[in-house]
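What the coordinates show
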Amino acid sequence: MAPVLLDRAFAHFITSGRLEVYYPDGDRRSYAGRPGPQAAMRLADAATARALLLDPALKVGEAYMAGTLCPVGCTLYELMHVLMRNVMERSPAGERVFSTLRYMARSWLQDNTRGRARRNVAHHYDLDSTLYRHFLDEDMQYSCGYFPTGHETLAEAQAAKKHHLAAKLHLHRPGMSVLDVGCGWGGLGLTLARDYGAHVTGITLSREQLHIAQNRARAAGLESRARFELLDYRTVARQYDRIISVGMFEHVGVAHYPAFFAAMRRALRPDGVMVLHAIGRREGPGVTNPWIDRYIFPGGYSPAVSEVVGAVERTGLWLADCEIWRLHYARTIAHWRTRFAARRAQIARLYDERFCRMFEFYLVVSELAFRVQGHMNFQLTLSREIDALPLARDYMMTRGQRVESAA
């Protein structure tokens, strides 16, 4: 017989679509709501069934990694689509309890001091760069691409993203100084230096990313205009004409938002402009999924825009513009999932099967977070002075135009 409590939980939980569960004792149960996606899964042992009942937000991913929870006749994506869609409508009781406790503890969970921030970054970004080369585009853009028509390739979408952001920076003259906060493997900074004549300083806490970004600058002959440093945002000492930050703000932590924006304000020249690109959530303040926090991005959090704007206001910066991207990241991650699957054998040799299952789960739930759980990207344009940018936002519509590089 199916475990009674878990059977009751699923019967209450599934209100959309259909889920079939194969229990450890051989029993099979079906749970259905109104028409929607369908999937099935097998639970290998009673311990897994008990774990799912207690803390599903953490234990579903762990059970998949361990191989004790497996999709049956469907893909992992299809299984998680059913589960994540229903979570948005009726969270299991155990998850509601743990979510409340995690919300109460989120200041501690996100207390990303300098030392802790460095360790958190190393956990994910200091993995072997070969892993990322297997599924990212050639420029190694590890953030949301921009799909203006919806038909772009991954490379085209990532290039479009970079030039879209460059237009927002309003790099209207060569030689402008740009601080790239969380510069990744250097792709955006090199584009701003090469195509817009900017003098870029990229900062990161990842030694692996730093090494690659510096090598790329040397190989491109851009060392004089694009330099990269191992530096925490709190220790930036110079001022810049422009600041860009893509995909780094999610690692700051709510309690550190005032310090972050105060540091950015200090680093901006009086007529300077900053563009912040980050992942956000539609439904208001929340918590990071515990599996993502434990295995992928410790200390990470995708905030509600309201949490960010409040911190901006208290710092005295102008919010000059806000743009919301809804399904662009879902499309981006779909490309990454396809590329990861095509190179899974090589990645398994680089790490192991458990790692592959972990990363597959991460990519699947991340894509679905944007499709069915209210995640999106936001871009904020900030300035110190009221007249730092043109009166009309038409200046942003020059995506693709270049500034002649300074000699």
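The preceding data block contains the structure.
In every chain, residue numbers begin from 1 and rise along the written sequence. Local features are withheld for residues below a pLDDT of 70 in this predicted model, meaning they are given only at 70 or higher, and side-chain atom pairs are given and counted only at 80 or more; totals for whole chains, interfaces and linings count all residues. Values shown for side chains rest on all heavy atoms present in the structure; no hydrogens or waters enter the calculation.

With that out of the way, let us pick up the pairing of strand β9 (residues 268-281). Judged by how many residues are buried, β9 sits mostly within the fold: eleven of 14 residues are covered. Criterion used throughout: strands pair if DSSP finds at least two bridges between them. Here a strand is any run of E in DSSP of at least two residues, a helix any run of H or I of at least four, and the numbering for each starts at the N terminus. As judged from the six bridges shared by strand β8 (residues 240-246) and β9, these two strands associate in the parallel manner. If you follow Tyr240 over to β9, its bridge partner there is Leu268. In the sheet, β9 pairs with strand β11 (residues 375-383) via nine bridges, with the strands oriented antiparallel. If you follow Met274 over to β11, its bridge partner there is Leu382. The rule is simple: take the accessible area with a 1.4 Å probe, protein chains only, and divide by the maximum for that residue type; under 20% is buried, over 50% is exposed, in between is partly exposed.

Now for the sheet that holds β11. Sheet architecture is open: seven strands sit in the order β7-β6-β5-β8-β9-β11-β10, paired in mixed fashion. The outermost strands of the open sheet, each flanked by one partner alone, are β7 (226-230) and β10 (318-325). Neighbour-to-neighbour, the strand axes of this sheet turn through a mean angle of 15°, independent of strand direction. Bridge count for β10 against β11 is seven bridges, and the pairing is antiparallel. Directly across from Leu319, in β11, lies its bridge partner Leu382. Inter-axis angles, ranging from 0 to 180 degrees, are taken between N-to-C directions of lines fitted to C-alpha atoms, where helices are fitted over the stretch in contact.

So, about the sheet that holds strand β4 (residues 69-71). Strands sit in the order β2-β1-β3-β4 across an open sheet of four strands; the sheet is mixed. Because the sheet does not close on itself, it has two edges, and the strands there are β2 (28-32) and β4. Strand-to-strand twist across the sheet, computed as the mean angle between neighbouring axes with direction ignored, equals 25°. Relative to β2, strand β1 (residues 16-22) runs antiparallel, the two being bridged by five bridges. In the sheet register, Arg18 faces β2, and the bridge partner there is Ala32. Throughout, a residue-residue contact means that at least one pair of heavy atoms, one from each residue, lies within 4.5 Å. Across the sheet, helix α1 (residues 4-13) touches β1, β2 and β3 (34-43), and the angle it forms with β2 is around 25°.

Looking now at helix α9 (residues 154-169). Taking 1.5 Å per residue as the helical rise, α9 with its 16 residues ought to reach 22 Å, and the 23 Å between its terminal C-alpha atoms agrees with that figure. Taking burial as the measure, the 16 residues of α9 include 13 buried ones, the bulk of the element. One or two steps after α9, the chain reaches His170, where phi turns positive at roughly 55°. A helix's residues, less one, multiplied by 1.5 Å, set its expected span.

Remark: the centre distance and the inter-plane angle together describe each pair of aromatic rings, the angle taken between the planes. In summary, the pairing rule links any two rings of Phe, Tyr or Trp, Trp by its six-membered ring, whose centres are within 6.5 Å, and it sorts them by plane angle into stacked for under 30 degrees, edge-to-face for over 60 and tilted for everything else. Within the structure shown, the criterion is met by 28 aromatic pairs. Between Phe297 and Tyr362 the ring centres are 5.8 Å apart and the planes differ by 80°, which places this aromatic pair in the edge-to-face class. Pair noted here: Phe297 is in the loop between α13 (290-295) and α14 (305-315) and Tyr362 is in helix α17 (residues 353-372), with a separation of 65 residues, a long-range link. Here Phe297 and Tyr362 have matching classes, each one buried. Ring geometry for Phe340 versus Phe359: centroids 5.5 Å apart, planes at 10°, classification stacked. In this pair, Phe340 sits in helix α15 (residues 328-342) while Phe359 sits in helix α17, placing the two residues 19 residues apart along the sequence. Each ring is checked for a lysine NZ or an arginine CZ that lies within 6 Å of its centre and within 35 degrees of its normal; such an atom marks a charge sitting over the ring. The ring of Tyr22 carries Arg42 above its face, with NZ or CZ at 4.8 Å from the centroid.

Okay, the environment of Leu83 next. Following the sequence through the fold, Leu83 ends up in helix α4 (residues 76-89). With a relative accessible area of 8%, Leu83 lands in the buried category. In this structure the C-alpha to C-alpha distance between Leu83 and Ala39, which are 44 residues apart in sequence, comes to 9.1 Å. Apart from the residues lying within four places of it in its own chain, the contact partners of Leu83 are Phe13, Leu19 and Val60.

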